[in-house]
Structure formats: C-alpha cells, structure tokens
Number of protein chains: 4
Amino acid sequence: MKLISKTPIVILNFKTYLESTGKNALELAKACEKVAKETGVNIAVAPQHIDLYNLSKEVDIPVLAQHIDPITAGGHTGRVLLECAQEAGAVGTLINHSEKRMKLADIGEIVKRSSQAEMVSVVCTNNIETSAAAASLGPNFIAVEPPELIGSGIPVSQAEPEVVTGTVAAVQKINPSVKVLCGAGISTGNDMKAALDLGSEGVLLASGIILAKSPEKALLDLVSKI
Amino acid sequence: MKLISKTPIVILNFKTYLESTGKNALELAKACEKVAKETGVNIAVAPQHIDLYNLSKEVDIPVLAQHIDPITAGGHTGRVLLECAQEAGAVGTLINHSEKRMKLADIGEIVKRSSQAEMVSVVCTNNIETSAAAASLGPNFIAVEPPELIGSGIPVSQAEPEVVTGTVAAVQKINPSVKVLCGAGISTGNDMKAALDLGSEGVLLASGIILAKSPEKALLDLVSKI
Amino acid sequence: MKLISKTPIVILNFKTYLESTGKNALELAKACEKVAKETGVNIAVAPQHIDLYNLSKEVDIPVLAQHIDPITAGGHTGRVLLECAQEAGAVGTLINHSEKRMKLADIGEIVKRSSQAEMVSVVCTNNIETSAAAASLGPNFIAVEPPELIGSGIPVSQAEPEVVTGTVAAVQKINPSVKVLCGAGISTGNDMKAALDLGSEGVLLASGIILAKSPEKALLDLVSKI
Amino acid sequence: MKLISKTPIVILNFKTYLESTGKNALELAKACEKVAKETGVNIAVAPQHIDLYNLSKEVDIPVLAQHIDPITAGGHTGRVLLECAQEAGAVGTLINHSEKRMKLADIGEIVKRSSQAEMVSVVCTNNIETSAAAASLGPNFIAVEPPELIGSGIPVSQAEPEVVTGTVAAVQKINPSVKVLCGAGISTGNDMKAALDLGSEGVLLASGIILAKSPEKALLDLVSKI
C-alpha cells in the first residue's frame, strides 16, 4: 500500500542530480524503500518525470511527481499531464517547488485537480505569508522552505525556527486539515527531530541525502530520532 | 491629492489598446479626471508603463502601474522597477492581472515592497480560493475577475454573483482590512451598482470604457447609480 | 537498430492527448512500429516524458523526447535533464515545438548538447526566417510548421507550399547538412507525398494520426505514396 | 535629428540601476547628449520603459526601448507595445538582451515589426552561433555579449576577441547589411578601440559607465580613441 497520509513523513525530492537519475534513481528509491520498511517511517520519493514510471513499478513506497502542468489533455507538447503521471503510478505531486515556481492561479488549479483525482498535493512555499496563502487553496501538505537555506546544509529548524512555528500557526488558523512539512538544509536526525518538535509533520529534502556517501545510512540517521 | 483609499473606487486598466496609448491615453485619463471631479467618485487609471510618467504629470487622479517586476535595482534590462514607477508618479500598482499572472512568491514580494514604499497594491485573482489566498498576503485591494468573463461584456455581478459575495466573505474572514473589487464584463451603471450591492467596494475594468464611443459618457453612466 | 537518420521519416508527436497517454501511448507506439516494419518507412515517436521510459523499452523504433530543458545536472526540480532522457532510451529530441517555444540561446545550447551526446536534434520553427536562423545552430532536422495550420487539418503542403520550398532553399544555403521536415495539418498519403515533392525529407505530425479512428490505418495511408 | 545608423555607435543600456532611474536617468542622458555633441560620436540611450517618454522629450540623441513585447494592440496588461514605445519617441529597441531573453519566433516577429515601423532593431546574442542565427532575421544590429563577461569589468575584446571576429565573419556571410556591436565588460577607450579593431561597429554597455564616479568623464574616455 502506497499510503502517503501517514506522518511523520520524509519526502525525498530527487531533483535532477545524476546521483538520482536512471539506474541511480532506482537504487536510491530502493534504499528509501528499505529504510521505510526497516523503520516503519513513511518515506516518499519524487523522481524526475522520465524516471517516474519505472520507480513506481519497482518500489513499494509512495512516488510523487516533481511537478504537474496546469493543462488538460490535448496539444501541449513537452508538458506534464496529471492523468499521465497518475497512470504511471504517481500518488501525488510536488507543486510550486522553489526551483519550479508557479503562478497563484495555476497552484490553485493543480491543487483542485489533484484532489479530484485523489492525488496528494504538496505545495512548496517560501515564508509564512505564502504558506498562509497556500492554505486557503486546501492542499494536503504545505512544505515551507526558506529559499536561502535550500542546499545550504544549514537546517531551517535551526537557522529560522520561527518560520516553521509561524507557518504551523498560520496554516492551522486558515485550514487545520493542512499538514505542514519543512525543508531546506535538513539532513540529520537532529534536524528532523527539531523539525517535528517545532510542530511540522515531516520534512522535504534532497541533496543532504542524495549526495551523501551512503544515502541509506543518511536516511537511517535522518529518521533515527523520531 | 491623489488618494486612492477612498471607496467606492473605479480603476480603469488601460491595457495596451491603441485607444489608450500615447495621446489617446492622455485624453482618456483627462476624461476620467473630469468625471471624477464632476461626480466625486474616486477614479484611478492604470496606463501602460511608457505612458505612466506623462499621465501622472498631467492628471490629478491616482495613477497606478499595470505591473511591477519582482526585482531590486540593478541589472534587469526590460523589467519594471518599483522605484522607477514611484518616482514617475505611480501611487500604486496592479499585481497579477489575468493577462500578467505572477508566481505566488512574487506576488507576496511585490505586496510587501509596495507596502514598504507606501504604494497601494491591487492583487487580481480569478476565483474565491485564490482571493482568500491573496488576502493572507495583506494587499490593499483584491480584484476578483473570473477569466472567462474578461472582455466578454457579461458582467460578473450578473453571471456569477456568488463569486463576488463568496470572495467578500472569504477575504473578510482572513483579513478584514483588505477591500474587494470586482471586474470582468463590467461597463454600465447597473453593473457597478450590482457589484457594490454584492459587497464589493468598487470595480476594475477596461474595454467597456476604453472602447466605448464616448468613454466620458460611459464613465458617467458607470458611476451614475452609486 | 533505432536509427533516425534514414529519410523519408515520419515523426509522430504524441503531445498530451489521452489517446496517446500511458497504455494508449504504448498501443499507439506499437502501431507505429508495425507500420514501420511492414512498409520499411522510418517512423519515430515522441511520447510524453513520463511515457518515454516504457515506450523505449517496448518498441524497436526511434523514441524522441518532446522537450529537453537547458539545464545541467543538479537542483532543477520538475525539469527535463538530457542525461535522464538518454538513459531512458531517447535517441533524440524535439526542440522549440510551437507549444513549447524556447529562447534562442537555449535552442542553441540544446542543439549543441544533443550533438555532443550523439542525440538527434529536431528544431521546430514557424516560418522561413526562423528556419534559416535555426540552420545556423546546426541541428539534424528543422521541422517548419506554420502555427496557424497546426491541428487545422489543412496541410501546409497545400495551404502554404512556398513555406516548405522557401525553407528548404534557405536552410540549404546556410547549412546543407540540415534536413527539412514539414508539419501542420498533415494527415494523408497525399499530404505526405506533396511534402516530399516540395523538397522536405519527412513530416512531423500529431492529431491527424493520434485522433484517427484507426491510427494504424491512418499511418498506412500516410506512407502509402512515398 | 535622432539618427541611429551612424557608426561607430555607443549604446548605453540604462538597465534598472537607481543611478539610471528617474531624475538620475535624465541627468545621465544629458551627459550622453553632451559627449555626443562635443565629440561627434553617435551615442544612443536605452532607458527603462517608464523613463522613455521623458528622456526622448528632453534629449536630442537616439532613445531606444530596452524591450518590446511580441504583442499587438489589445488586452495585454503590463506588456510593452511597439506603437506605444514609438509614439513616446523610441527610434529603436534592444531585443533579446541577456537579462530578457526571448523566444526565437518572438525575436523574428519583433525584428520584422520594427522594420515595418521604421524602428531600429538591436538583437543581443551570446555567441557566434546565435549571432549567425539572428543575422537570418535581418535586424539592423547584432550585439554579441558573452554572458559570463557582462558586468565583469573584463572586456570581451580582450578576454574573447575570437567571439567578436567570429561573429563579424559569421554575420557578414549570412547578411552583410547587419552591423555587429559588442558588449560585456566594455568601459574604457582602449576597450572600445579594441572592439572596433576587431571589426565591430560599436559597443553596447551599461555598468561601466552608469556606475562610474563621473559618467560624463567615463564616456569621454570611452570614445577618446576612436
């Protein structure tokens, strides 16, 4: 069962690193699956579009799209169709990642269409105000990531804990059914514990695991203090 | 005094019609000024970037930018700098118009920077959910315009009154200091009266006035039932 | 062998139709493969990103990406990495399709990187001038498609034959090693024959085949008069 | 007379520096005008959209737009209409600056429409291949600027002279009526002399003059060795 609703959750964004492309992507997803099974922690992966089909066939953990375009079926060469992602096994999607920012109206549309398709929506945001804004759109998750900390190795839970607590409070006030994740600079068990202690229900991360000497060990450490 | 806070307000978006370009833009702005003075109704204009300087020098009504880019001073050829708009006389700006949709994070940034610069922010939205989202960003105005009605001649106040009342209610709940305008298909005094009756504090409109045989008469009719 | 250099060539762009998504995409690719084998005509397919892996494993005809982003490996969530497309089996890529227009500098970069990776580049253009421009970038193919005819059912070879002959002449003058394809409105054997008679070496097409009652029959007709 | 065809030419791109905004823009343009009159060298300025009207009224040297959007008159809020730029006094426009890259088809359209409107087109490019490509579109000028040198203070004429000579040769071969400028890192008289010696007919520059203690003195130095 590829349930994504169970928290705490770890979502690993594969981005477009060579270390998380093709065969490497499959190997990384297998490591995530192994750690998820061993520890019981919910770990989801968000591979590149082209790797999505293969990974969702090969691993028994939730697979998310990195992005879905605000289009319906038809003449949209080179874009990502929700129905195609879903048929290939995606159970949800990242939306508005800092590296793929979307227009407000398009975020609203993809959240709505994800809900209609029973796919999980994870809207990424950059601060408390935009997190509150996103909460009004009713996604399943909001992942707040101060852009200046992404890929920095400095965990948001340590550098700007008030962004996490402020986001949790703001989102709670607008729409209590939306769960808050945090990202940016997260890589260790201490980071993740701090993130949960601040009121988030999980983390969205990438390079801290993907570029680790042993992603499996890094993942084991990440979930060790939950 | 170019106060924009007084409501009910009419904001005329000049878009890029030839009828509202250059000398025509000046003539149209003069007509707006005349009607504003005669009737006491607050009428603001949003001309093209290139016409902004001249219009703000020549008319004594509020002049808004149609768009401001999420940049700070520096190397940004071809973009619109807030400081440049303000020095040229803009007292505020449209943000995220349906013809110039912006990314959520950028809307948040421009609203914040407008506030810091004491410029009025008018965030355009397309439905109730995105209006509620925009309210969390704290702009001065939210102008809700169902895209399918823009330029249609079918007033939103008649075709989809629930969008206006729903937006007013949703915005009120999130941030009561934000004023709601409505747009799309508005052109007559009846349309404007209906818009106000539904709880909005004014209208954002364009072709209904710009392309009228006599914009001045069309404006007089528009504000005749307030 | 998945050679794409053999002409005349038919490139079927799957776009994002439901009729060419997921299982339907596989079935359609199988039909292309069957017709290619039966007739000896070179038929290539350009499926959605998410379907690319599966199709390239399942069919023995050339598979192209619909688009590749001008990025290198790293933090580029939601984008399409050349290395990922190639590892998944893409032997080439469409570039600058009318539904996914690219910046000039980015077209130049992707053509160059495709060449370095020994992938075939098919640059789409909209008229004679932009075709001549693209020729200077040295792609393998230029596919000229007047935008107003795409999906129209009116073949470019009939409506604007001078665009095809003019493109062939202009490209020949700049870089004789670049092959010209034509698209837009092509669906029948007569259309394809006319396209070849005008000097092109093949066609790029989509809806005329994808939405046909029997794509296989439509393909057989398409290549019947070569 | 605001002729821009006379070479050697200096085009000063005002970008969006505060030093070249509003009153500062006017002062800078006056300095350009003064140096142009004193030295007889053709100096053109490309101010921000919002400053364009005022500058073209106040100075008697050619004023260019920094960018024009590929739109025709109508509903295009926030965009830059060619007719509006021309009525405000622009005699030409930069196209595809490295900070405002455009799609190939849009570059082609703006070059064509500039020509029809008798406005001068200056297409910016990043290397020899894209310069050759742009030449097929028939602009008046091509300004080649290796992106890595823009704002670097390292003149292209010194760091990559082969880019200038290669561009001149490639453009000459495609369309001898197109004049080549060079940019990126240019600020002194030696830089400009080197640029002309390499076969270019002028320079496009920005920060080297705009951010100089005395732009007037910097301009005088720039043109001192022609």
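Bear in mind the structure is a predicted one, so any value in this text is a computation, not a measurement.

What counts, and where the lines are drawn
Residue numbers run consecutively from 1 along every chain, following the written order of its sequence. Chains carry letters and ligands carry numbers; both start at the beginning, A for chains and 1 for ligands, and go up in the order they are written. The predicted origin of the model limits local features to residues at a pLDDT of at least 70 and limits the giving and counting of side-chain atom pairs to 80 or more, whereas totals for whole chains, interfaces and linings rest on all residues. Helical segments are the DSSP runs of H or I of at least four residues, strand segments are the runs of E of at least two, and each set is numbered from the N terminus. What the globule rule says is 2.2 Å times the number of residues to the power 0.38, and the radius of gyration is computed from C-alpha atoms. In this scheme the burial state of a residue depends on its C-beta neighbours within 10 Å: 20 or more other such atoms mean buried, 12 or fewer mean exposed, and anything in between means partly exposed; the C-beta positions come from the backbone. Once C-beta atoms have been placed from the backbone, residue pairs whose C-beta atoms lie within 7 Å are recorded as contacts. Each residue receives one of three labels: charged for Asp, Glu, Lys and Arg, nonpolar for Ala, Val, Leu, Ile, Met, Phe, Trp, Tyr, Cys and Pro, and polar for the others, Gly being one of them. Only residues with pLDDT of at least 70 in both copies contribute their C-alpha atoms to the least-squares superposition of the copies. Pairing between two strands is assigned when DSSP locates at least 2 bridges connecting them. For helices, the fitted axis covers only the stretch in contact; all axes are lines through C-alpha atoms, and the angles between them, taken along N-to-C directions, range from 0 to 180 degrees. Every residue gets a pLDDT, meaning the predictor's confidence in that residue, from 0 to 100. The directions from the helix axis to the C-beta atoms are what the arc is built from. Classification remark: right-handed applies to a crossover when, strands pointing away from the viewer, the course from the first strand over the helix to the second runs clockwise.

(A) How the structure looks around the overall build of chain A. Within chain A, the regular secondary structure consists of ten helices and eight strands. Over its C-alpha atoms chain A spans a radius of gyration of 16 Å, differing by no more than 12% from the 17 Å that the globule rule assigns to 226 residues. Projected onto the principal axes, the alpha-carbon positions of chain A cover approximately 45 × 40 × 30 Å. Every one of the 226 residues in chain A was classed for burial, and the buried ones make up 63%. For chain A, the proportion of contacts with a sequence separation of at least 24, taken over those separated by at least 6, is 64%.

(B) A look at the interface of chain B and chain A. Contact with chain B, which involves 17 residues of that partner, is made by 17 residues of chain A. Those elements that place two or more of their residues in the side of chain B that touches chain A are helix 4 (104-116) and helix 5 (128-135) of chain B. In terms of residue count, helix 5 of chain B provides more of the side of chain B that touches chain A than any other element does, five residues in total. Within the side of chain B that touches chain A, the residues separate by chemical class into nine nonpolar, five polar and three charged.

(C) Structural context of the relation of the copies chain C and chain A. After a rotation of 180° and a shift along the axis of 0.0 Å, chain C superposes on chain A with an RMSD of 0.0 Å. Such a combination of turn and shift is consistent with a two-fold rotation axis. Rotation axis and chain C: the residue whose C-alpha lies nearest the axis is I50 of chain C, separated from it by 2.4 Å. Counting the interface residues of chain C, we find that 100% of their copies in chain A are interface residues as well, pointing to one common contact surface.

(D) Geometry of the sheet that holds strand 8 (residues 202-205) of chain B. Residues and elements named next belong to chain B. If you walk across this open sheet you meet the eight strands as 2-1-8-7-6-5-4-3, and the pairing is parallel. Of all the strands in the sheet, just strand 2 (42-46) and strand 3 (64-65) have a single pairing partner and so form its edges. Against the sheet, helix 1 (residues 23-39) contacts strand 1 (9-13) and strand 2, and its axis sits at roughly 170° relative to strand 2.

(E) Main features of the relation of the copies chain B and chain A. Superposing chain B onto chain A takes a rotation of 180° plus a shift of 0.0 Å along the axis, which leaves an RMSD of 0.0 Å. Both copies present the same face, since 100% of the interface residues in chain B are matched by interface residues at the equivalent positions in chain A.

(F) Spotlight on the interface of chain C and chain A. Between chain C and chain A, the residue contacts involve 36 residues of the former and 36 residues of the latter. Contributing elements (two or more residues each) for the side of chain C that touches chain A: helix 2 (49-58) and helix 3 (82-87) of chain C. Here the side of chain C that touches chain A gets six residues from one element, more than from any other, and that element is helix 2 of chain C. Among the residues forming the side of chain C that touches chain A, the class breakdown is 13 nonpolar, 16 polar and seven charged.

(G) Spotlight on the sheet that holds strand 1 (residues 9-13) of chain C. Residues and elements named next belong to chain C. What the eight strands build is an open sheet, ordered 2-1-8-7-6-5-4-3; its pairing is parallel. Each end of this open sheet is capped by a strand with a single partner; those strands are strand 2 (42-46) and strand 3 (64-65). Sheet contacts for helix 4 (residues 104-116): strand 4 (92-95) and strand 5 (120-125); angle to strand 5, the most-contacted strand, approximately 160°.

(H) Seen up close, unusual backbone geometry. All names here are of chain B. In this structure, the amide linkage connecting T7 to the following residue, P8, adopts the cis form with an omega of 0°. Structurally, the position occupied by P8 is in the segment before strand 1. Even without a glycine there, the phi angle at K15 is positive, about 45°. Along the chain, K15 falls in the loop between strand 1 and helix 1. Judged by local crowding, K15 falls into the buried class, with 26 C-beta atoms found within 10 Å.

(I) Molecular detail of the environment of V123 of chain A. Residue and element names in this part refer to chain A. Assignment of secondary structure puts V123 in strand 5 (residues 120-125). Overall, V123 belongs to the buried group, with 30 C-beta atoms counted inside 10 Å. Spatially, the C-alpha atom of V123 lies 6.1 Å from that of A143, the residues being 20 residues apart in sequence. Excluding its chain neighbours within four sequence positions, the residues that come into contact with V123 are I95, N96, I107, V111, A134, L137, P139 and I142.

(J) Region of interest: the confidence of the model for chain A. Chain-level pLDDT for chain A is 94 on average; 99% of the residues reach the 70-or-more range. Here the predicted complex scores 0.95 on pTM and 0.95 on ipTM.

(K) Layout of helix 8 (residues 189-197) of chain C. Where helix 8 of chain C is concerned, the buried positions are D191, M192, A194 and A195 of chain C. Seen along its axis, helix 8 of chain C keeps its buried residues to an arc of 160°; they face one direction.

(L) Spotlight on the environment of V171 of chain D. Residue and element names in this part refer to chain D. When you line up the elements, V171 lands in helix 7 (residues 161-174). In sequence terms V171 and A133 are 38 residues apart; their C-alpha atoms lie 8.5 Å from each other. Excluding residues within four positions of it along the chain, V171 makes contact with S131, A132, A135, I142, V178 and V180.

(M) Quick look at the pairing of strand 4 of chain C. Residue and element names in this part refer to chain C. The alternating pattern of strand 4 places G92 and L94 on one face and T93 and I95 on the opposite face, and all of these are buried. Taken together, strand 3, helix 3 and strand 4 form a β-α-β motif whose crossover is right-handed. Pairing of strand 4 with strand 5 involves four bridges; the strand directions are parallel. Opposite G92, over in strand 5, you have V120 as the bridge partner.

(N) Broad picture of the pairing of strand 4 (residues 92-95) of chain D. Residues and elements named next belong to chain D. Bridging between strand 3 (residues 64-65) and strand 4 involves two bridges; their strand directions are parallel. Directly across from A65, in strand 4, lies its bridge partner T93. Taking the sense of rotation as the criterion, the β-α-β connection linking strand 4, helix 4 (residues 104-116) and strand 5 (residues 120-125) turns out right-handed.

(O) Layout of helix 10 (residues 215-222) of chain D. All names here are of chain D. Those residues of helix 10 not exposed but buried are P215, A218, L219 and L222. Taken around the axis of helix 10, the buried residues stretch over an arc of 100°, which confines them to a single face. Packed against the buried residues of helix 10 are strand 1 (9-13), helix 1 (23-39), helix 8 (189-197) and helix 9 (207-210).

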